[in-house]
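# Chains, contacts and geometry: an overview
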Amino acid sequence: MPAPQSILDAIDARFDDTCDELVALSRIPGVSAAGFDPKELDRSADAVATILGNAGLDEVEVLRIADAHPYVVAEKRSPNDDVPTALIYAHHDVQPPGRLERWETPAFEPTLRADGRLYGRGVVDDKAGLMLHAAALRAWLASGEPLPMHVKVIVEGEEEIGSGHLAQFLREHRERLAADVLVLSDTQNLDTGIPSLTASLRGIVQVDVTVRVLDHPLHSGMWGGPVPDAATALSRLLGRLVDDAGRPAVPGLDSDVPALSAAERSALAALPYDEPAFRRDAGLLGHVPLVRERDFTPYEQLWLRPSIAVTALEAMPFATAANQLVDEARARIGVRVAPGQDPARVARCVIDFVTHAPPYEAQVEAVAVAEVPGWRTEAEGPAFDAARRALAAGFGCDAVTIGCGGTIPFVGPFGEVMGGVPQLLLGLEDPPCNAHGENESLDLDDFRKAAHASAHLLPELAAALAG
Ligand SMILES: [Zn+2]
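### A look at the overall build of the protein
For the protein, the helix and strand inventory stands at 15 helices and 18 strands. Based on the C-alpha atoms only, the size of the protein along its principal axes is roughly 85 × 50 × 45 Å. Counting all 467 residues of the protein, 52% fall into the buried class. Partitioning the intrachain contacts of the protein with sequence separation of at least 6 by distance along the chain shows that 80% fall at a separation of at least 24. Seen as two clouds, the 39 positive and the 69 negative side-chain charges of the protein have centres 3 Å apart.

Shown next, in the form of structure tokens:
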């Protein structure tokens, strides 16, 4: 059952106000990473509480647990006791702004540009993820119509640093947050205008590798020739991680990737894929080819296969370079693991590989610094069908089921602590949005459509879960 037209009209009538609230919220530089002022997260939590209160929610509270940035919780009970409960999740912290000179408009002065997108840090990740539901709830609560289901909201303050306290927080407040369905509002759409439900996430393994060949740096003129250097040794070692085409070459890396059924593969193959757009959104230069694994479609490779990249590299900075043979060099090897893979096993594979027969018999130390599993759900059943209907009604086109190549560490624990109820992952990131990078942006048309979809979601879920 869709939401009444009057509620959609109310969302549209106040859409400018909703955008103004999003802009005001995004002006607060609530960066959760170490080294940034944590008081800004107190400010953003207070601002979120005000927004939820103004939308008409009750029991709005900023809650704290030790050593964590503040959470905001709120709820609104339907006048009908006998209806199910949805718990909506979003986060109010943001990534650091990155290289300020790369922002065409300032990171924390959200700016609408001619392309219809709002630019600013946090606008899409994840402040719009909160605001789309706030706009829908405000319209429902101002309408005089009974709210179709009980709604609870949790807004986290440390998602961008790994949600280290979320499981503890959920356990401490389990009664208060108990729900029949979770609506996790922090993922992406396959493309602008295509509403998407995310059914899988990759995990992440990070291995830090340090290579030493000397006990101190040496003059490269006095010693170079007979004596090797650590930077070259590390480069040769890292080069072994992939084959000539760039495909992972670590033996056993993918040996525990769950096989897909024929139906799953054909569903992936049926998704629209536009290679020129993919290249453009990625920013690939010139004729740099995509790295292709034989037998796997692009989406399978991106969402359901392991990938490997060097994500940090240190030897000698240019600023202090001095014609030396470098004694020590290090790198971080980042592996995205497929859902279903054992991250500890993958880490062992990588460590064994880089410590075996190193170039120049260098001393190699390798240690896993992150081992986060992926996640996957069967996106089937009444709650998922209800979500697809709501998204289709909001966006005016069919919703698709997708995976995500990224890692959201909280999703697995969230489902476990909340008793395995259905988890609906949706959000507003799209290929051009550049979340986490400079010039992060939000498509305002999709923002409005997503608010409509949220308004539809409540009656759709209420009907689906009651039956
Ligand atoms: Zn996010």
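### Examining the packing of helix α1 (residues 5–13) against helix α4 (residues 123–142)
The geometry of α1 relative to α4 is characterised by a closest axis approach of 9 Å and an angle of 125° between their N-to-C directions. One finds that α1 runs oblique with respect to α4. As for the relative orientation of α1 and α4, their crossing is right-handed in sense. When α1 is examined against α4, the residues I7, A10 and I11 are found in contact with a partner set consisting of A135, A136, A139 and W140. Tallied by class, the residues present in the contact of α1 with α4 amount to seven nonpolar, no polar and no charged.

### Observations concerning the coordination of the zinc ion
Distances from the zinc ion to its protein donors, H91 (NE2), D125 (OD), D186 (OD) and D186 (OD), fall at 1.9 to 2.5 Å. Around the zinc ion sit four donor atoms, and with donor-metal-donor angles ranging over 53 to 145° the site reads as irregular. Each donor residue of the zinc ion belongs to the same chain, with the gaps between them written as H-x33-D-x60-D. Taken together, the residues H91 in strand β3 (residues 85–91) and D186 in the loop between β7 (181–185) and β8 (196–201) connect sequence positions 95 residues apart. For the pair shown, H91 and D186 are each scored as buried.

### Section: empty space enclosed by the protein
In the structure shown here, the tally under the stated rule is four cavities of 30 Å³ or more. Taken as a whole, the largest cavity encloses approximately 100 Å³ of empty space. Lining the largest cavity are 14 residues, with L132, L391, L426, A450 and A453 positioned closest to its centre. Residue composition of the lining of the largest cavity, grouped by class: 10 nonpolar, four polar and no charged.

### Some thoughts on the side chain of S196
Inspection of the secondary structure assignment puts S196 in strand β8. Residue classification places S196 among the buried residues on the basis of a relative accessible area of 0%. Those residues in contact with S196, other than ones at most four positions away along the chain, are Q188, N189, L190, L391, V400, I402, L425 and L426.

### What to know about unusual backbone geometry
Backbone torsion omega between D125 and D126 reads 15°, so that peptide bond is classified as cis. Residue placement: D126 occurs in helix α4. Of note in the backbone geometry, E361 takes a positive phi value of approximately 50° without being a glycine. Of note, E361 is situated in the loop between α12 (343–355) and β14 (363–372).

### Details of the nonpolar core
Counting 68 residues, the largest nonpolar core has L52, V153, L424, L442, F447 and L461 as the members making the most contacts within it. Residue contributions to this core peak at 12 residues, all from α4. Non-local contacts of L442, meaning those with residues more than four positions away in its chain, are made with L22, G116, R117, L118, V123, V124, A128, L428 and F447.

### A short note on the sheet that holds strand β5 (residues 117–119)
Pairing within the open sheet is antiparallel, and its three strands lie in the order β4-β5-β18. Every interior strand has two partners, whereas the edge strands, β4 (111–112) and β18 (441–443), have only one. Sheet analysis places β5 next to β18, joined by three bridges and oriented antiparallel. Within the sheet, the bridge partner assigned to L118 lies in β18 and is L442.

### Comments concerning helix α15 (residues 444–466)
Taking 1.5 Å per residue, 23 residues should reach 33 Å; α15 reaches 33 Å between its end C-alpha atoms and fits that length. At L457, α15 is deflected by roughly 30°, the largest bend along its length, and proline P459 occurs up to four residues later in sequence. The buried count for α15 comes to 18 of 23 residues, which makes it a mostly enclosed element. N-cap assignment for α15: the residue whose side-chain oxygen lies 3.1 Å from the backbone N of D445 is D443.

### As for the sheet that holds strand β13 (residues 328–337)
Strand order in the open sheet formed by four strands is β11-β13-β9-β14, with antiparallel pairing between adjacent strands. The sheet is open, and its two edges are formed by β11 (307–314) and β14, each paired on a single side. When the angles between neighbouring strand axes are averaged without regard to direction, this sheet yields 20°. When strand β9 (residues 203–212) meets β14, the two strands line up antiparallel, connected through nine bridges. Among the inter-strand pairings, Q206 is bridged to a residue of β14, identified as A370. Against the sheet, helix α8 (residues 230–239) engages β9, β11, β13 and β14, with an angle of about 20° to β13. Taken strand by strand, α12 contacts β9, β13 and β14, and its axis lies near 165° from that of β14.

What counts, and at which threshold
- Residues numbered from 1 in each chain as written.
- Predicted model: local features only at pLDDT ≥ 70, side-chain atom pairs only at ≥ 80, totals over all residues.
- Heavy atoms only, no water.
- Helix = DSSP H or I, 4+ residues; strand = E, 2+ residues; numbered from the N terminus.
- Buried < 20%, exposed > 50% of the residue type's maximum accessible area, 1.4 Å probe, protein only.
- Contact = heavy atoms within 4.5 Å.
- Lys, Arg positive; Asp, Glu negative; His and termini not counted.
- Charge placed at Lys NZ, Arg CZ, Asp CG, Glu CD.
- Axes fitted to C-alpha atoms, helices over the stretch in contact; angles between N-to-C directions.
- Parallel < 35°, antiparallel > 145°, perpendicular 65-115°, else oblique.
- Left-handed = near helix turned anticlockwise from the far one by under 90°.
- Nonpolar A, V, L, I, M, F, W, Y, C, P; charged D, E, K, R; others polar.
- Donors = N, O, S within 2.8 Å, 3.2 Å for Na, K, Ca; no water.
- Tetrahedral: all angles 85-135°; square planar, octahedral: opposite > 155°, others 65-115°.
- 1 Å grid on protein atoms, 1.4 Å probe; cavity = no way out; pocket = protein on both sides within 12 Å on 5 of 7 lines; lining within 4 Å.
- Points joined across faces, edges and corners; volume = space filled by probe spheres on them.
- Core = buried A, V, L, I, M, F, W, Y, C linked by side-chain atoms within 4.5 Å.
- Pairing = 2+ DSSP bridges.
- Expected span 1.5 Å × (residues − 1).
- Bend = angle between axes of the 7 residues up to and from the residue.
- Polar contact = N/O pair within 3.5 Å; in protein donor to acceptor, adjacent residues only side chain to side chain.

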